[in-house]
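Architecture at a glance
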Amino acid sequence: MAGRGDIHLALGLALLVAWGGSQVSASEIGDAGKGAEIWGECSGCHQIGPEAKDAIGPKLNGIFGRKAASIEAFPYSRSLERAGRDGLIWTLETLDAYIENPRTFASGTRMSYRGLKDAGKRADLLAFLRDFSDKPRDIPEAEPTARRTLPELPPEVLALKGDPEFGEYLASECQTCHQASGADEGIPAITLWPEEDFVLAMHAYKQKLRPHPVMQMMAGRLTEEEIAALAAYFGTLEE
Amino acid sequence: MILNRRGFIGTLAASGAVLAAPAVLGQTKPRVVVIGGGAGGATCARYIAKDSDGAIDVTLVEPAEVYYTCFFSNLYIGGFRDFESLAHRYDKLTGDYGITHARDMAAGVDRNAMTVTLAGGETLSYDRLVIAPGIDFVDGSVPGWDLSKAEIMPHAYKAGPQTQLLKAQVEAMPEGGTFCMIAPPNPYRCPPGPYERISMVAHVLKERNPTAKILLVDPKEKFSKQGLFEEGWQKHYSGMIERIGPDFGATNVEVRPDTMEVVIDGEVEKVDVCNVIPAQRAGEIAAAAGVTDDKGWAPVNPHSMATHADPNVYVMGDASAQGDMPKSGFSANSQAKVAAMNIRSELTGSKAFPAKYSNTCWSLIETDDGVKVGASYEATDEKIASVDSFVSQTGEDADLRKATYEESLGWYAGITADIFG
Ligand SMILES: Cc1cc2nc3c(=O)[nH]c(=O)nc-3n(C[C@H](O)[C@H](O)[C@H](O)COP(=O)(O)OP(=O)(O)OC[C@H]3O[C@@H](n4cnc5c(N)ncnc54)[C@H](O)[C@@H]3O)c2cc1C
């Protein structure tokens with residue numbers, strides 16, 4: 001039900017936002033040695049190194065600077081393919097957010113990984129991955145153009161309980177393109193989307209972490225309250 | 001379980017909501033009459049009927065049984081869609097939403113008596129009136145042309161037989177012949193529409209009649225997505241399209257349908273097909289209702305889409321003068337939802353929230369080469385004002401252009417379902 005989901009997601013978001021605004025940024029390069037140990041969580045599906053091949057997941061050599069979903073023969077999810085086409089490039093920042101919560105980036109990603117909440121561990125893992133890129137020394141420690149992050153928001157704002165009727169009105173704007181029936185040719189379906197994924201995705205567009213100009217614009221002007229209202233409305237449809 | 005969303009009314013503090021006093025509670029069902037079953041009118045009728053759960057009686061006055069969308073009609077001309085794919089009927093609006101379809105033209109509006117008279121003589125009374133008749137053409141804007149000449153020089157700017165005629169004419173052009181378009185002055189429906197049409201005609205001629213020429217006579221200095229279209233024309237149709245702008249006399253044009261001539265600043269050109277898209281104004285019924293201004297459009301309150309002339313009369317879509325939004329099907333649909341919310345609020349006391357509007361227009365330049373432009377808008381007291389925008393970039397890679405085209409197919413399916421149910 002909507003209530004419980006809201007609290008859960010509020011906590012997740014608080015973390016996301018706190019990292020965006022704090023000093024200990026995950027985009028600072030970590031310890032590749034420690035990262036090699038964390039790699040154990042990935043190696044069941046991904047390979048890396050000179051002999052690496054695509055497996056359950058794509059090989060991760062040279063992942064930095066690569067366009068998302070760009071290995072020709074690999075069967076990526078439609079979500080990730082769409083992100084790639086829309087221009088998502090793997091950088092310290094985007095990889096960091098993807099690893100933190102894969103669904104933030106691509107709701108329908110096939111990567112069945114819960115996500116790594118600890119920013120320090122993510123930095124270590126990224127340092128490890130970076131060593132397998134073409135010219136690791138050329139990858140700057142942080143992105144040259146720091147992106148605007150959301151202001152740190154008090155938890156009570158994040159815990160906002162949305163008004164579903166307001167959400168219903170706001171959702172009518174989505175339905176000019178996204179069909180209520182859930183058809184998804186050319187434009188993805190948004191019906192029966194878990195509330196948490198929805199909120200994460202809207203914030204990712206808002207922060208321009210997810211590419212796509214229309215969605216960046218649409219989400220960019222949604223307030224916290226409006227995102228909560230939309231989530232609440234889509235929540236009522238789900239039951 | 002489907003939660004009854006209406007159950008929330010009054011139980012939750014509304015976020016930014018205005019609780020309006022219901023205007024006509026107590027009486028029998030409040031009545032809304034909607035004139036025009038296009039992108040604006042049909043959306044408005046559907047949202048009022050859907051969201052009021054039968055509490056409001058909605059009558060849609062529209063003479064046609066089948067609505068052909070102007071959007072994607074250029075793709076039909078280009079051979080990318082068949083004609084039937086543009087057709088939409090009103091059976092879901094009547095069957096699923098309980099809307100009454102009065103198949104007639106609205107002939108007059110008496111705002112004092114709050115009635116609409118139909119061409120057939122019937123009179124409908126309303127508590128709120130929606131006028132969404134789209135456009136009509138300004139008489140005399142292209143000397144030599146009037147509606148009686150549209151069988152020779154089609155406008156094809158209201159979709160239907162006109163669109164079929166233009167397509168047939170293009171396909172029957174003699175080898176190496178000339179297609180001419182007289183483009184309209186601002187403001188007009190679908191700013192990129194004439195240029196998408198040029199692209200589609202070029203696509204057909206390139207395949208069937210590669211030595212043919214296209215002459216675009218345009219009274220405007222600049223046009224929508226100009227950089228993108230010009231890049232595409234250079235790339236796909238090099239040497240085929242000539243544009244004559246105002247510097248070279250495009251504001252001084254006359255047509256001679258009987259001899260198939262176009263006179264540009266005194267110079268006579270013989271052409272084989274001439275697509276005349278005249279200057280435009282709100283559909284005639286808006287003027288007849290007395291809600292238009294001296295420029296021929298109906299000024300509206302940006303917060304609600306109610307007319308300045310009469311708070312009980314709403315105008316949306318192409319016929320409205322609202323500020324920054326282009327006249328498009330997307331805009332009409334977006335405005336209709338704001339109007340529907342406000343009309344419901346006034347008639348049944350449901351919540352009204354601050355207006356939000358948006359628009360995106362996709363255009364196809366050549367097979368799999370799609371571009372788009374869009375913006376989001378908010379209501380200020382003065383006008384609907386653009387707050388953010390984007391446009392496709394020149395030099396984008398082929399994958400992205402193809403994805404943009406595919407996105408437009410998704411949009412077409414989405415918006416037509418949102419308009420007609
Ligand atoms: C070639 C072309 C391409 C376009 N491409 C796009 C596009 O890609 N995307 C986009 O968003 N927009 C596009 N448009 C614009 C879009 O078609 C219009 O902006 C949109 O249809 C406007 O909606 P409306 O409801 O105001 O008018 P309309 O859709 O024209 O509807 C008006 C309706 O009112 C009826 N009517 C008129 N007078 C009366 C009366 N007195 N009584 C009863 N009924 C009446 C008419 O029969 C008609 O059905 C395009 C337009 C053209 C011409």
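Residues numbered from 1 in each chain as written. Chains lettered and ligands numbered in written order. Predicted model: local features only at pLDDT ≥ 70, side-chain atom pairs only at ≥ 80, totals over all residues. Heavy atoms only, no water.

Per the secondary structure count, chain A includes eleven helices and zero strands. Reading the helices (α) and strands (β) of chain A from amino to carboxyl end gives α-α-α-α-α-α-α-α-α-α-α. Here chain A holds 239 residues, and the buried ones make up 53% of them. In chain A, 63% of the contacts between residues at least 6 apart in sequence involve partners at least 24 apart. (Helix = DSSP H or I, 4+ residues; strand = E, 2+ residues; numbered from the N terminus. Buried < 20%, exposed > 50% of the residue type's maximum accessible area, 1.4 Å probe, protein only. Contact = heavy atoms within 4.5 Å.)

Turning next to the side chain of Asn275(B). All names here are of chain B. Topologically, Asn275 is positioned in strand β18 (residues 273-276). On the accessibility criterion, Asn275 (0% relative accessible area) is buried. Within the local environment of Asn275, its side chain forms a polar contact with the backbone oxygen of His155, the two atoms lying 2.9 Å apart. Among the polar contacts made by the side chain of Asn275, one reaches the side chain of Arg197 at a distance of 2.9 Å. Other than its neighbours up to four places away in sequence, Asn275 contacts Pro154, His155, Ala156, Leu166, Phe179, Cys180, Met181, Ile182 and Arg197. (Polar contact = N/O pair within 3.5 Å; in protein donor to acceptor, adjacent residues only side chain to side chain.)

Now for the domain arrangement of chain A. All names here are of chain A. By the assigned domains, chain A splits into domain 1 (28-148) and domain 2 (155-236). Each side of the interface is counted separately: domain 1 has 16 residues, and domain 2 has 16 residues. Roughly 1300 Å² is buried in total at the junction of domain 1 and domain 2, and carbon and sulfur atoms are behind 48% of that figure. Connecting domain 1 to domain 2 are zero residue pairs in polar contact (both at pLDDT 80 or more). (Domains from an automatic or database assignment. Buried area = accessible area lost by both parts, 1.4 Å probe.)

Next up on the list: the domain arrangement of chain B. All names here are of chain B. The domains assigned to chain B are domain 1 (26-136 + 280-351) and domain 2 (140-276). Carbon and sulfur atoms supply 62% of the area that domain 1 and domain 2 bury against each other, a total of about 1900 Å² over both sides. Counting the surface domain 1 buries against domain 2, the share from its top three residues, Asn74, Ile77 and Gln280, is 33%. Applying the counting rule to domain 1 against domain 2 returns two salt bridges. (Salt bridge = Lys/Arg side-chain N within 4 Å of Asp/Glu carboxyl O.)

Ranked by size, the top nonpolar core spans 149 residues in total, and within it Ile131(B), Phe179(B), Ile182(B), Cys274(B) and Trp411(B) carry the most contacts. In terms of residues, this core owes the most to one element, helix α8 (residues 329-348) of chain B, which gives nine residues. Not counting residues up to four positions away in its chain, the partners in contact with Ile131(B) are Ile35(B), Ile285(B), Ala286(B), Ala289(B), Val291(B), Val313(B), Tyr314(B), Val315(B) and Met316(B). Ranked by size, the runner-up nonpolar core spans 31 residues in total, among them Ile38(A), Phe64(A), Tyr76(A) and Tyr98(A). (Core = buried A, V, L, I, M, F, W, Y, C linked by side-chain atoms within 4.5 Å.)

Here the structure, examined in full by the defined rule, presents zero disulfides over all chains. Distance from the sulfur of Cys44(B), which forms no disulfide, to the nearest cysteine sulfur (Cys174(A)) is 19 Å. Residue classification places Cys44(B) among the buried positions, given a relative accessible area of 0%. (Disulfide = S-S within 2.5 Å.)

All right, on to the packing of aromatic side chains then. Per the counting criterion, the structure on display carries 23 aromatic pairs over all chains. A centroid spacing of 5.4 Å and a plane angle of 40° characterise the contact between Trp39(A) and Phe128(A), whose relative ring orientation is tilted. Here the residue Trp39(A) occupies a position in the loop between α2 (32-38) and α3 (78-85), and Phe128(A) occupies one in helix α6 (residues 119-130), the gap between them amounting to 89 residues. Taking the relative accessible area as the measure of exposure, Phe128(A) reaches 10% and is therefore buried. Judged by centre distance (6.4 Å) and plane angle (75°), the rings of Trp411(B) and Tyr412(B) are edge-to-face. Given the relative accessible area of 3%, Tyr412(B) is considered buried. Connected via pairs of aromatic rings, a cluster forms that spans Phe71(B), Phe72(B), Phe330(B), Trp362(B), Trp411(B) and Tyr412(B). (Phe/Tyr/Trp six-rings, centres within 6.5 Å; stacked < 30°, edge-to-face > 60°.)

Turning to the sheet that holds strand β6 (residues 100-102) of chain B, a few remarks are in order. Residues and elements named next belong to chain B. Reading across from one edge, β6-β3-β2-β10-β21 is the order of the five strands in this open sheet, with parallel pairing throughout. Among the strands making up the open sheet, the edge pair consists of β6 and β21 (313-315). Pairwise comparison of adjacent strand axes, ignoring direction, gives a mean angle of 20° for this sheet. Relative to strand β3 (residues 57-61), helix α1 (residues 39-51) is tilted by about 165°, and along the sheet it contacts β2 (31-35), β3 and β10 (128-131). (Pairing = 2+ DSSP bridges. Axes fitted to C-alpha atoms, helices over the stretch in contact; angles between N-to-C directions.)

This brings us to the interface of chain A and chain B. Contact residues are listed per partner, giving 31 residues for chain A and 50 residues for chain B. Around 3300 Å² of area is buried between chain A and chain B when both sides are counted, 57% of it from carbon and sulfur atoms. Taken as a group, Glu165(A), Tyr169(A) and Met217(A) account for 21% of the area that chain A buries against chain B, more than any other trio of residues on that side. Taken together, the connections running from chain A to chain B amount to four salt bridges. With a shortest N-O distance of 3.0 Å, Lys356(B) and Glu226(A) are connected by a salt bridge. Linking chain A to chain B there are 13 residue pairs in polar contact (both at pLDDT 80 or more). Among the secondary structure elements, those contributing two or more residues to the side of chain A that touches chain B are α8 (164-174), α10 (213-220) and α11 (224-238) of chain A. Element by element, the count of residues in the side of chain A that touches chain B is highest for α8(A), at eight residues. Partitioning the side of chain A that touches chain B into residue classes produces 13 nonpolar, seven polar and eleven charged. (Nonpolar A, V, L, I, M, F, W, Y, C, P; charged D, E, K, R; others polar.)

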